[in-house]
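Tertiary structure, described
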Amino acid sequence: LKDRPPPIIRQGPSNQTQALGGVSLLRCQASGDPEPTVTWRKNGASLLGKDPRFSLLEHGSLQIQSTRV
């Protein structure tokens, strides 16, 4: 095995103010070799697959439909 540098997060999420019921986009772009896999978690649990409001977009950004508190 050869040593590989860690992935680089080129763009991470930022604080946003959104209207309730709107669409939010939390951007993420990462690079590395091999290409990193982006996952989104809240309190240790994956946000994807359990709630249809959450979707993973190309390059790892998270889109949230119908935002709520």
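Notes on the structure follow.

Calculation notes
Residues numbered from 1 in each chain as written. Predicted model: local features only at pLDDT ≥ 70, side-chain atom pairs only at ≥ 80, totals over all residues. Heavy atoms only, no water. Helix = DSSP H or I, 4+ residues; strand = E, 2+ residues; numbered from the N terminus. Buried < 20%, exposed > 50% of the residue type's maximum accessible area, 1.4 Å probe, protein only. Contact = heavy atoms within 4.5 Å. Areas by Shrake-Rupley, 256 points an atom, 1.4 Å probe, with all protein chains shown as cover. Lys, Arg positive; Asp, Glu negative; His and termini not counted. Charge placed at Lys NZ, Arg CZ, Asp CG, Glu CD. Salt bridge = Lys/Arg side-chain N within 4 Å of Asp/Glu carboxyl O.

Some words on the overall build of the protein
Helices and strands together make up the secondary structure of the protein, namely zero helices and seven strands. Counting from the amino terminus, helix and strand elements in the protein follow one another as β-β-β-β-β-β-β. Based on the C-alpha atoms only, the size of the protein along its principal axes is roughly 50 × 25 × 20 Å. Each of the 69 residues in the protein was classed as buried or not, and the buried ones make up 20%. By sequence separation, contacts in the protein at least 24 residues apart represent 40% of the contacts at least 6 residues apart. Approximately 5,600 Å² of the protein is accessible, and the part contributed by carbon and sulfur atoms is 51%. Across the protein, the mean location of the 9 positive side-chain charges is 10 Å away from that of the 5 negative side-chain charges.

Some remarks on the pattern of salt bridges
Applying the stated criterion to the full structure yields two salt bridges. Salt-bridge contacts for Asp51 lead to Arg53; the nearest nitrogen and oxygen are separated by 3.2 Å. Asp51 serves as the salt-bridge partner of Arg68, at 3.8 Å between the closest nitrogen and oxygen. Placement of Arg68 in the segment after strand S7 (62–64) and of Asp51 in the loop between strand S5 (45–46) and strand S6 (54–56) is noted, with a sequence separation of 17 residues between them.

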